[in-house]
Each structure stands twice: as C-alpha cells, then as structure tokens.
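# Residue-level structural notes
These are the residues of each chain, in order.
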Amino acid sequence: MTELMGGTRFYRRWLLAMLCVVTGWTIQASAQQQQQPTTADNWTKEHRSADADRLFTLKVLPLLTEKCFGCHGSDPDDIKGEYLMLDRASLLRGGESDEVAVHPGKAAKGTLLEAIRWDGLEMPPKENDRLSDQQIQWVELWIAAGAPWPDKATQEAIRKQDQKSQETADGILIKTSGGTSDQWSSRRYQADKVWAFQPVRPASELLPKGVDAAQAIDHFIDRRLQEANLTPAPPAKPAALLRRACLDLTGLPPTDEQRKQFITAWEQDSQQAWENLIDQLLASPRYGERWGRHWLDVTRYADTGGMSNDYERSNLWRYRDYVIRSFNEDRPYNEFIVQQLAGDELADESVAKRLQKELGNKATAQKIQQRVRQAQQTGQYTAQEAEWIVASGFLRLGPWDNAMVKADEARQMYLDDLVNITGQTFLSTTMRCCKCHDHKFDPIPTRDYYRMYSAFSTTQMAERTVPFTDKENLTGIESGRAHVQRMLDYATSKKNALINKQETAAKQWYKEHDLPYVGLNQRKSMPDESKPPRHVGLDYVDQGRLKVREQDVWIWNRRLERYQPMAQSVFSDAWVKIPGNAARKLRIVRNGDGKVRQNHILMGGALTALGDVVTPGVLSAIGLPVQSALTAPANDNFQISDNAQGRRLELARWIANPENALTTRSIVNRIWQYHFGRGLAANSNNFGVSGSAPTHPELLDFLADDFIAGDWKIKRLHRRMMLSEAYQRSAEASDPDQVANVDPDNLLLSHFQRRRLSAEEIRDSALMASGELVHQLGGLPVSPEINMEVALQPRMIQFSLAPAYQPSRTPAERNRRSIYAYQVRGQADPFMELFNLPNPNESSEQRESAAVTPQVFSLMNSDMMTDRSIALALRAGQHSDQVGQQITQAFQWVLGRTPSSTEHATLEQYVQRMTRYHQSMPEDSVNRREYPKQITRSLVEEFSGKPFQYTEILPVFNDYVADQSASDVGPQVRALADACLLLLNTNEFMYVD
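Residues numbered from 1 in each chain as written. Predicted model: local features only at pLDDT ≥ 70, side-chain atom pairs only at ≥ 80, totals over all residues. Heavy atoms only, no water.

If you look the protein up in an unreviewed UniProt entry, it shows as Planctomycete cytochrome C from Stieleria bergensis.

Put into structure tokens, the structure is as follows:
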C-alpha cells in the first residue's frame, strides 16, 4: 500500500476505477480504449475534480456530519482535542497534537485515517459508532484525490443532480418532510434495508397461478426450504398438536375432556378435527386472557405509575379488561387502534352527535361544546362511549411522576413517551431515535418526530368519571373497598392523633404568647416569628411518624378509587397547568388560557433549543397522505388538524389506514411471532434499518394484504396460520445434522420451534393441574401469594415506605389467572420475574426465554410450586386411595398422558421411599408458615437524621385462608407431593413441542 500511495500509474488507475464505483459513474470504452485503458494521466483535471467533489458531497461530508462534527465543530465552546473539522483548512491542519491530519493527495500520511482505522488513535471512540471498511475507503479515496471541499453552491448542484435519479448504485431516495440538513434529506438507502417503508405488495402479485390464499404460507415457506435443500419435518402427532394449539391460543394445557374429544374426532377426520379445535379455542373466553397478555407486554401494562412514588393507578384494570374483551370479541384491529389512541375523542364526537340530534335547531357550536365538557365532568356516557374512554387508558400506561421535576420537563417526559410507544406499538418504529436529531438509519426526520409530538401536545392526563358497563365484572368491589377503608381509617386515626398532639402544643404556645389561636392550615403562610415552631409538641419520632401517616392517607385514598366508576384516561385541551404532585391525583381541570401553543423542533431534544416551528403531522416516509378535516398547505400532505381537539383522532385514523404498510406489517408480524416463536421480521418493535430484515418478505406482505382483505380480523389470521402445514410440523427436524449446518436458528421453519412456557403459563398450568385454578373473566386486580420476604420487605418511596404487599384473602381470589394479578412496577413477583415476566417500564417485543440456574431452585423449592404439588397430591388422593392410580392420574393432569410402565414403576418406588423418609422425620421438622398481623418498620427522620419506628397493620391475615402446605398434611401426602413436584419440573411440562 505504501508503494501505491507513492503515486504509481497502477494506483492512479485504481483510484479512478474506485471513484467511478463509489460515485455511481460508469466508464464507456471502445474496443481500442480497452486495449489502452483510461488512466488518471489522460483523465482531464475537470473530470477528476467533478468526480471527487461528488464523492465528498454525497459520501464524505454526510459521514463527517454524522460521525465527527458533533465533537469537532457543532458546539464552538466545546471542541474536542482542539480539532475543528467544519472547513477544509481546519480539517487538514489537525488538533492539539500539532500533527497534520490530512495531506491532500497522500492518503498514507496524516493522522485522520489512522484515527478512523483505530490504528493507535480510535475515532469515533465508541465501538458502535466505528466506521465500516467502506466508509474508511471513501475517506481514503477523497484524500488521495486531493481532499477537495467544494463550495455550498457546488454541493447543492451535485445533490440536485443526484436527486434526479430515484435509484442509483448507492440506493434509493425516499421523500420525507425534510431533515435538518440537505445532506440528510438527500441521502440514499439500500432498498432491502428500508423494506418496511415500501408499499405492501398485493397478494395477486405475490402468488403464482394455481396457489390460492389457503396455500400461500406453505408456498413461501416450502420454496425457501427447497432452495436450502432442507426437508420439512413430518406432521406432529395429534396429542402434540392439541397441546400446542391450546397453549398458543389460551395459555392453558388441554383438559382431559378436550383430549378425549379431539383424539376421537382426529381418528374420524383429522383435518376437520383440527379446524374445529381451532374454532373452539378461539371462541373460548380463555383466548382473550392469553392474547390480551401479549398486547399488555407491548403496551407496558401495570397498576402503578413507577418512578420514585410508584403511585396507584387505581382504575387501569378496566383497560386490561377492555383489551381482553377486544380479543374475545374479535374487534377489528383498525378500530382497536383508534379506540386506544383517541377513544376519548371518539366519545366526544359521539356525545356531540347525540346532542345535535337532541337539540335540533337550538344546537350551537358553543352550546354543544359546553355540554360535551359537562359530560366529561359528570361521566354521562353510553356504554359504548364509556368503553372508548377506558380504551384510551393506553395513553396512561407509561411510567410517569412529576414530583421534584420542573413542569415543562415533566410534560416533555410524558409527550416523548407517547410518541415513542405509539411508534413501537402500532408502527414497529423506534421514534426515540430521532428525538435529538434526524434518524441515523431510517428515513424519519426529527421534524416528523416533533410533528407527532405536536399531535399529542394537547393530550392532558386525567382520572375521569366513567360509568361501569354491563360487560365489566364488579365482583369483589364491596369487600375490596372495605379492606382499603380499614387501612385508610387506621392511617387517618394515627395521623389525627399526632396532629391533635401538635395542635394542643400550638394552643399552649399561643396562650403563652398572648395571641389568638390560628389553625394549622391557616398559619402555614404566616411569618415564623408570629407562629409556633413547625413541629411544635412533636419529637423526631412523632415527626417521622406523621410524615408516614400523611403519605399512607394519600395512598389509601388513592386506592379507594379502584372501586369507583373512574378510568385512567386523557382529554384534549390547548394547555393545562398541573400541580407538582399530579401523579397522586389528576382530574379534568381547564385552567389554561385556551390558546394552542406552537411546537418546535427541539434541537438535541432540549426544551431551550428551539428549532423550526412544526405543525401536527404524521410520518412522511411511507408517502401516505392524511385524510384531514384541515385544509393543509398544498405542499404538505402529512399535516393533521391544528385544533386542540381531534389531533389524535386524525393521527389514529392515519395509522389505521389500510394503506399504511407499517401498521399492517406490524400486527401480522406480531401474531406470527407468537405462533412460530420468532417474527418473520425478528424485531417486532423495530422495522428500521437496525432491525432484522424479514426472512420471508413476500410472505409478510401476503399476510398483511390478506389481513386487510379479511376486515382486520385477528381470529381469521390465527386460522390462516394454524391451518398451514408449517405450523403443524413436528418439533423434531427430519435431518437434524443438515438443519444444524444450514439453518441452525430454524429461520426457514423446517420444523416447529420448541418453546418454554411463559411465566404466566407455568403458574396457570400448575394451578390447573392441581385443580386450584379459578376461572372468572375480568374484574379487579387480585394479589397472589408471593414470597413473604419480598412481600414484607421495606420498599422506599419518596419520603416514606410503601405499604406492605398483602395477598388476597382466599384461594378463590388468589388463584385466578396470572393476567389478573396486581402489577406493581416497584415490586415484581419474584417467581414471575425469574421466568422473564417483562419489565413494564419498557415495551417488550418478545419475552426472554433464557434458562438460568435460579429457575431450577425456584421450581423445586418455592412456595408457589411446593404448594401446587401438595394440592395436586390431595387432588389425586381424592381420586383414588391407591398410589399407583394416584400416579397415573397425576401424569394425566400434568403431562396429558399415561405413564409408561417404567415411569410408573419408578415413581411408585420413589413415593414409597419418600413415605418412609417422611414417616421417620419428627412432626415438628416441617416448618409451619407464619403470617404476621402487623409488622414494625424503621426509617430515618428527615431533619434529625435519627431512626424511628412505626407499626403497620396487615388485617388480611386476621382471617386468612392459606393454601395447604407440607405442615398441614401427613407423610403419605408429602411423599406423593414430592412425586408431583418432579412432574411439574419435567421438560415435558415446561416446554411446548
């Protein structure tokens, strides 16, 4: 390379050729010219200059802008290494080392190339920002060509000329609303990298003649298998298919009755039996519970708000039930989208239409608006309107708390979260990546980010009065309210006692100072010299306890709202001022001036760095115009209404447009993922350049197109996928060695992808096997029993400790399906968390399934599993008093089959051996689980720094109905329970084939 840099004729020919390649030029040569190749010697100076200018403008300058200027020029007050790169002279000169960075025409010299090659120096310093070999080659060619830096007019002319060609060797152009620089706006993309932004191809173009829609999945899958010379696995056995379908669609294994019916039907007509089974499972209420949980993973459902206070969001259970109902009712997905993003605005529209009809000629816009706002306060809604408002709870799911946060920053936190979760959930797009700058990889300018931000900018949070509907399960409201009221009364009595003690001392102070008594609240604003000390009459212990009790009163008052007809929702208004502790309590308050604020691009995401003004709008890259009530500028098809009301509704309808390729591909990819273990595009929340491209792009487009043709119905999509041969294949590959070599990750789907049960499936299946599972659709959150150390451990919140976790009192409440469990952001169930229940602070595109050692200990030793084994043994004992029959029945309930003779004999011997063991142990050798009725807490008082203690009551344990444990049963049951526990630990139970 050193010789080449010396300027040999060969190098000049190589340089010319490479410049032609990277800039998209071609060399036309006659036969005579081919005998005497064109070289840099006979290439005109103007030609070389133009080509190098083009290389700089289209390749090098955008690269420097993206990778270098941030540290070496964008901030004139902070130039790293004293190396400015914004102009040619500065870039050539170098930085604080006084070494020349670039020698024009001599690529072998200078420090710049050394740095970007990571040869001694390492620039950019982060591994994930490191330049690719191709990018380094661009810089090398540019330097060798003399490092030209054409003026702006020349650069603009080059870009305009380049943009005349939609597609070149460098990629395709994607028209957007425009980036913050011309370089970004004119950059090109490899077509296969921006597949998600291209229109969905219709099925008529994708399927060859003779292949109908029912055969399409297998057509595309089998074609790839044939290309890879892979033989598909044979069909799975009916028992495996039954278990697979039941767990996929309902999250539960098949019952004994389901097994008998299916096997009988299969023997008569296997295809009809399979179709009927799918229809039966889709019609089951359990279906919505299973698939609702998938959706809640993506949307980050939790019953608390997280962050420093983790305040209760008392009514979000209604959103959870809305999701379950939507799946059970097969609500069209486009309606599902609109209701979650703008259900409150749908309700306002509906109320306005009702009022228009009611008032007739007397209706005026002002009167209708007044009545709509009156309904917002009183909750006078129809059942349909109420459901729409509950659906908008989607906009309240993210972690948020404005305590100790400036108002404008707290507002920005909320709006940023809405933009990002909307992009991830419905568009499989990572909007967060373009908050501070134009997207580094995808055709999404930061302008579009802030246009969506503007679309949400009139969204105001509130807990709203919304009537319960006949569809909602209100079981347990009275008993739940009574428990919370008891906790509130206790906290209030303790608080009042301390305040009375304080005020007694205050009255004495006023008497001693010959002043009239002034009440606590009235004197807060008085000067210190005219009132008693702040905590008069209270020592540091009393002061600490008072703060705890005040916080407890807030907490329990908030939780009482769980039992009231309210919904965590939003409303639209131009601007609203919220208090500094708004996470505690938010209501519809219109305290603004009614003026809609302008929104700006925030440079670097900073509130103080205002860029261009932006109007509400949508993503421009997919080229889908908005159908807006607003008359948008002629050159802007992506602007939505700039009224305070209706912005989200227009955004939602744009997302739910059947021509929106991101939306349709996103949902069919998610459904595919949950059936096949991996999306056709592996990153279900990120269809961008940095995500995985689809393994079967034509299949993905077919499914998206077919989904719209099927009226956006998800149950129809399930049938389409599950009726394919690909879904029904065995989990055992036909040729494991060949698959391991050619397709080790099974991306081509030659066999069914085995998977481990999710956390909820493990718990629910164990409860079902033990006969303890209680089915009840929807309703208030329940609190399963969790590890008591975790339940009672101190959990810090701001200025206090959160109340201890108290499980639901009876097994009938505790042992419902896991989707109904109370989800606390700051206190996860350790068993569920260990088996990869996702963190609700982030959208989960796919559950982790890693096997880690602690899972083994939890499956063998946790109270959750040992209690199930005891219950299963007791159930088997009720079925028969013969150990052999008990073992056979336990096999049926846990694994869905009868044991082999070897398995039966081995387990029977094990039970006999364990019976002798338990009989030999002293009666007091089994620890009895204790449930405390109160606990003592310790904290440090804020002002004195001294520790103090207080008592917390746990009234649920006064008459608690515990699950039966080892201490409650005899040696024979314990021994059988040991065998049952082994069955619950088998791979056959834990995995789906």
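## Describing the overall build of the protein
Tallying secondary structure elements over the protein gives 39 helices and 13 strands in all. With respect to the principal axes defined by its C-alpha atoms, the protein has extents near 100 × 95 × 70 Å. Evaluated residue by residue, the protein yields a buried proportion of 54% over its 993 residues. The long-range share in the protein, meaning contacts at least 24 apart out of those at least 6 apart in sequence, stands at 72%. (Helix = DSSP H or I, 4+ residues; strand = E, 2+ residues; numbered from the N terminus. Buried < 20%, exposed > 50% of the residue type's maximum accessible area, 1.4 Å probe, protein only. Contact = heavy atoms within 4.5 Å.)

## Remarks on the packing of aromatic side chains
Enumeration over the complete set of coordinates arrives at 34 aromatic pairs. In this arrangement the basic side chain of Arg244 is found over the ring face of Tyr727, its NZ or CZ atom lying 5.8 Å from the centre. In this structure, Lys507 is placed above the aromatic ring of Tyr517, and the distance from its NZ or CZ to the ring centre is 5.4 Å. (Phe/Tyr/Trp six-rings, centres within 6.5 Å; stacked < 30°, edge-to-face > 60°. Lys NZ or Arg CZ within 6 Å of the ring centre and 35° of its normal.)

## Things to note about the domain arrangement of the protein
For the protein, the domain assignment lists domain 1 (2–164), domain 2 (203–283 + 659–742), domain 3 (332–468 + 565–655) and domain 4 (478–556). Domain 2 and domain 4 are separated by 64 Å when their C-alpha centres are compared. (Domains from an automatic or database assignment.)

## What to know about the packing of helix α20 (residues 407–427) against helix α26 (residues 661–676)
Interaxial distance between α20 and α26 falls to 7 Å at its minimum, and their mutual angle equals 65°. Classed by the angle they form, the pair α20 and α26 counts as roughly perpendicular. Each of Gln424, Thr425, Phe426 and Leu427 in α20 lies in contact with α26, whose residues at this interface are Leu662, Thr663, Ser666 and Arg670. For the contact of α20 with α26, the residue count by class is three nonpolar, four polar and one charged. (Axes fitted to C-alpha atoms, helices over the stretch in contact; angles between N-to-C directions. Parallel < 35°, antiparallel > 145°, perpendicular 65-115°, else oblique. Nonpolar A, V, L, I, M, F, W, Y, C, P; charged D, E, K, R; others polar.)

## Thoughts on the packing of helix α30 (residues 759–770) against helix α35 (residues 863–879)
Relative orientation of the contacting elements α30 and α35 amounts to 25°, with a least axis distance of 8 Å. Between α30 and α35, the angle falls in the class roughly parallel. Residues Arg763, Ala766, Leu767, Met768, Ala769 and Ser770 of α30 lie in contact with α35, whose contacting residues are Met864, Arg868, Ala871, Leu872 and Arg875. In terms of residue class, the contact of α30 with α35 is made up of seven nonpolar, one polar and three charged.

## So, unusual backbone geometry
Look at the link from Met123 to Pro124: it is a cis peptide, with omega at -10°. With respect to the helices, strands and loops of the structure, Pro124 is situated in the loop between α6 (111–116) and α7 (133–144). Although it is not a glycine, Trp118 adopts a positive phi angle of roughly 60°. Summarising the element assignment, Trp118 is placed in the loop between α6 and α7. For Asp310, which is not glycine, the phi torsion reads 50° and is therefore positive. For Asp310, the position within the fold is in the loop between α15 (285–299) and α16 (317–328).

## Things to note about a negative patch on the surface
A contiguous patch of negative charge, built from Glu82, Glu96, Asp98, Glu99, Glu114 and Asp119, is present on the exposed surface. You can see Asp98 is positioned in the loop between α5 (88–93) and α6. (Patch = residues over 30% accessible without salt bridge, like charges linked within 9 Å, V, L, I, M, F, W, Y side chains within 5 Å. Areas by Shrake-Rupley, 256 points an atom, 1.4 Å probe, with all protein chains shown as cover. Salt bridge = Lys/Arg side-chain N within 4 Å of Asp/Glu carboxyl O. Lys, Arg positive; Asp, Glu negative; His and termini not counted. Charge placed at Lys NZ, Arg CZ, Asp CG, Glu CD.)

## Considerations on the pairing of strand β4 (residues 459–465)
Here β4 lies mainly inside the structure; six of its seven residues are buried. In terms of strand pairing, β4 meets strand β5 (residues 566–572) through seven bridges, oriented antiparallel. The partner of Ala462 across the bridge, within β5, is Ser569. (Pairing = 2+ DSSP bridges.)

## Quick word on the environment of Met832
By secondary structure assignment, the location of Met832 is in helix α33 (residues 830–834). Sequence separation of Met832 and Ile786 is 46 residues, and the distance between their C-alpha atoms is 9.5 Å.

## A few points about helix α17 (residues 333–359)
Over its 27 residues, α17 runs only 34 Å from end to end, short of the ideal 39 Å by more than 12%, given 1.5 Å per residue. At Ala342, α17 shows its strongest bend, of approximately 90°. Once α17 finishes, Gly360 follows within two positions and takes phi at roughly 60°, a positive value. (Expected span 1.5 Å × (residues − 1). Bend = angle between axes of the 7 residues up to and from the residue.)

## Examining the confidence of the model for the protein
For the protein, the mean per-residue pLDDT works out to 92, and 94% of the residues sit at or above 70. Scored below 50 in pLDDT, residues 1–17 shows 25 contacts in the model against residues more than four places distant or in partner chains. Residue range residues 19–47 is modelled with pLDDT below 50. Its contacts to residues more than four positions away, or to other chains, number 36 contacts. (pLDDT = per-residue confidence, 0-100.)

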